[in-house]
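The primary structure of each chain is shown beneath.
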Amino acid sequence: MKPYIPVQLPLKDLDYNPVIHLVSKANRQISRFDGIVMNMLNPQILLSPLTTNEAVLSSRIEGTQATFEEVLRFEANPKQPTKKYDDIQEIINYRKTLRHAMGRLQDLPLSGRLMKEMHNILLDSVRGHGMGRGEFRRTQVHIGPPGCTIEEATYVPPSCDIIDEAINNLEKYMHFEDKDVIVQTAILHAQFEIIHPFLDGNGRIGRLLIPLYLYGRNILSYPSFYMSEFFNNNRDQYYDSLNRITKERDWIQWINFFLVAVNEQAEKNIKRAQKILTLYNELKEKFVELTHSQFAIQTLDFIFNNPIFSGSQFYNGSSVPRASSARILRKLVDGKLLTILTPSRGSTSATYGFIELLHVAN
């Protein structure tokens, strides 16, 4: 099988008519979602659990097994032994990569350079870290069942000597004004996966590009529209739809799949974001009433950002004075807003869980 040669973007003569109804709905749905996010004073804090869940699900598509709760419990007590340490580090790196890219978009456009930076963080000290981390691949690869030869492969990505050219074309397309930004997002995600510019981590980088591109094009006010849940739940169709582009040049089938994914995932994302915003607003008054503390909202923000945490993590990371910390946590446990997941033992502090938020986010 010969290496695939990707088409140049923008796509010529792409007929939107078969998917126009989905395009309109997708734009409305993302606008609805972003309307909720725009009502959040601190979306990075309130949506932090959703970001972690996205990292879990996107990494799961690539074979990790760690759960949302296992990641949070590890971060609360990183010295606690766990058999899923490597998986958890990959998930943490995914989240770091998203946050780094979001910050860089303030002064650097979405580009091959930024993709390399993202890749460097994604594979830092985890599986694949020695496979050209932060650099486009310099060898031919093929995709298929484990141990298959290139002749037996289901897909052979482009030759490494045309990757720079293909990424340059993708960069130009990112800044091109196509007919619809969401359809453009579908095309660029697929084209990135087709180019397969890295030796490892292409799927995760490609999925990260979705919220980042919508954010960079001002469709989102915060890059928090995540789609890995739908892709994970429909994994075979996800890969089949991408494969139909390279086998049959069938872009419309892929775009149709992507738009269905946007619309169905939007319903879940909207409900979760609305529940999180409502929960936060309801708890403001409760935290003040229970704690009688000037640090009540500061505590609330910390807990939304860390729905599972240790006492020492709270003391060191919340900026709440140590003298007030223990009393505040005790009041919240007594008021049944926090649950003690593991009691303190010797020098090890207790682990607390904000169960209601965990249920909403996961």
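For the structure itself, look to the data block above.
Since the model is a prediction, treat every value here as computed from it, not as a measurement.

Conventions adopted
- Residues numbered from 1 in each chain as written.
- Predicted model: local features only at pLDDT ≥ 70, side-chain atom pairs only at ≥ 80, totals over all residues.
- Heavy atoms only, no water.
- Helix = DSSP H or I, 4+ residues; strand = E, 2+ residues; numbered from the N terminus.
- Rg over C-alpha atoms; globule rule 2.2 N^0.38 Å.
- Buried < 20%, exposed > 50% of the residue type's maximum accessible area, 1.4 Å probe, protein only.
- Contact = heavy atoms within 4.5 Å.
- Core = buried A, V, L, I, M, F, W, Y, C linked by side-chain atoms within 4.5 Å.
- Salt bridge = Lys/Arg side-chain N within 4 Å of Asp/Glu carboxyl O.
- Phe/Tyr/Trp six-rings, centres within 6.5 Å; stacked < 30°, edge-to-face > 60°.
- Axes fitted to C-alpha atoms, helices over the stretch in contact; angles between N-to-C directions.
- Parallel < 35°, antiparallel > 145°, perpendicular 65-115°, else oblique.
- Left-handed = near helix turned anticlockwise from the far one by under 90°.
- Nonpolar A, V, L, I, M, F, W, Y, C, P; charged D, E, K, R; others polar.
- Polar contact = N/O pair within 3.5 Å; in protein donor to acceptor, adjacent residues only side chain to side chain.
- Expected span 1.5 Å × (residues − 1).
- Bend = angle between axes of the 7 residues up to and from the residue.

> I'd love a proper account of the overall build of the protein, names of residues and values included.
The secondary structure content of the protein amounts to 16 helices and three strands. For the protein, whose C-alpha radius of gyration is 22 Å, the value lies close to the compact-globule estimate of 21 Å for 362 residues. The buried share of the protein, taken over its 362 residues, is 54%. Counting only contacts in the protein whose residues sit at least 6 apart along the sequence, the fraction spanning at least 24 positions is 67%.

> Any details on the nonpolar core? Residues and values, ideally.
Formed by 118 residues in total, the largest nonpolar core has its most connected members in F231, W254 and F304. Residue contributions to this core peak at 17 residues, all from helix 12 (residues 251-291). In contact with F304, not counting residues within four places along its chain, are I45, L46, S48, P49, I276, L279, Y280, L283, F354 and L357.

> An account of the environment of Q80 is requested, with residue identities and associated values reported.
One can find Q80 in the loop between helix 4 (68-76) and helix 5 (85-104). C-alpha of Q80 to C-alpha of G103: the two residues are 23 residues apart in sequence and 31 Å apart in space.

> Pulling in residues and values, what's your account of the pattern of salt bridges?
Enumeration according to the criterion identifies 16 salt bridges in this entry. Ionic pairing is found between E90 and R127, a salt bridge with its closest N-O pair at 2.9 Å. Linking E90 in helix 5 with R127 in the loop between helix 6 (112-122) and helix 7 (163-174), this pair joins segments that are 37 residues apart in sequence. Between E135 and R138 there is a salt bridge whose closest N-O contact spans 4.0 Å. Using a relative accessible area of 36% as the deciding quantity, one classes E135 as partly exposed. Given a relative accessible area of 65%, R138 falls into the exposed group.

> Explain the packing of aromatic side chains residue by residue, including any values.
The tally for this structure, following the rule as stated, stands at 21 aromatic pairs. Residues F74 and Y85 carry aromatic rings whose centres are separated by 5.7 Å and whose planes lie at 75° to one another, so their mutual orientation is edge-to-face. With F74 in helix 4 and Y85 in helix 5, this residue pair connects regions lying eleven residues apart in the sequence. Relative to F258, the ring of F231 has its centre 6.5 Å away and its plane inclined at 40°; by these criteria the two rings are tilted. With a gap of 27 residues between them, F231 in helix 10 (residues 228-233) and F258 in helix 12 connect regions that are remote in the sequence. Across the pair, F258 and F231 agree in class, each one buried. Site record: aromatic cluster; members linked through ring pairs are F230, F231, Y238, Y239, W254, F257 and F258.

> Any details on the packing of helix 6 against helix 9 (residues 202-216)? Residues and values, ideally.
Interaxial distance between helix 6 and helix 9 falls to 11 Å at its minimum, and their mutual angle equals 125°. Taken as axis vectors, helix 6 and helix 9 run oblique relative to one another. Taken as a pair, helix 6 and helix 9 cross one another with a handedness that is right-handed. Contacts from M115, M118, H119 and L122 of helix 6 reach helix 9 at R204, I205, L208, L209 and L212. Taken together, the residues of the contact of helix 6 with helix 9 break down into seven nonpolar, one polar and one charged.

> Got a sec to walk through helix 4? Specific residues and values, please.
Those residues of helix 4 lying buried are F68, V71, L72, F74 and A76. Structurally, helix 4 contributes buried residues whose contacts are with helix 3 (48-61), helix 5, strand 1 (308-310), helix 14 (311-317), strand 3 (351-353) and helix 16 (355-361).

> Kindly report on the side chain of S293, identifying the contributing residues and their values.
Considering the arrangement of structural elements, one finds S293 in the loop between helix 12 and helix 13 (296-305). Within the structure, the side chain of S293 is placed 2.9 Å from the backbone nitrogen of F295, a separation counted as a polar contact. Non-local contacts of S293, meaning those with residues more than four positions away in its chain, are made with V288, R327 and I328.

> Break down unusual backbone geometry for me, with residues and values.
P10 follows L9 through a cis peptide bond whose omega is 5°. Of note, P10 is situated in the segment before helix 1 (20-38). Of note, D13 is a non-glycine position whose phi angle comes to about 60°, a positive value. If you trace the backbone, D13 turns up in the segment before helix 1. The class for D13 is exposed, based on a relative accessible area of 79%. A positive phi angle, close to 50°, is found at H292, a residue other than glycine. Mapped onto the elements, H292 comes out in the loop between helix 12 and helix 13.

> If you had to explain helix 9 to someone new, which residues and values would you point to?
A rise of 1.5 Å per residue sets the reference length of helix 9, with its 15 residues, at 21 Å; its end C-alpha atoms lie 20 Å apart and thus fit the reference within 8%. In helix 9, a bend of some 30° at I210 exceeds every other bend along the element, and P211, a proline, comes one to four places later. In terms of residue burial, helix 9 counts as a mostly covered element, since 14 of its 15 residues are buried. Positive phi shows up at N218, right after helix 9, with a value of about 65°.

> Lay out the environment of P6 with the relevant residues and their values.
As for its placement among the helices and strands, P6 is situated in the segment before helix 1. Of the residues examined, P6 reaches a relative accessible area of 11% and is grouped as buried. Separated by 151 residues in sequence, P6 and P157 place their C-alpha atoms 8.8 Å apart. Each residue touching P6, except ones within four places of it in the same chain, is listed here: P158, I162, A166, Q191, I194 and I195.

Nothing here speaks to function; it is all geometry.
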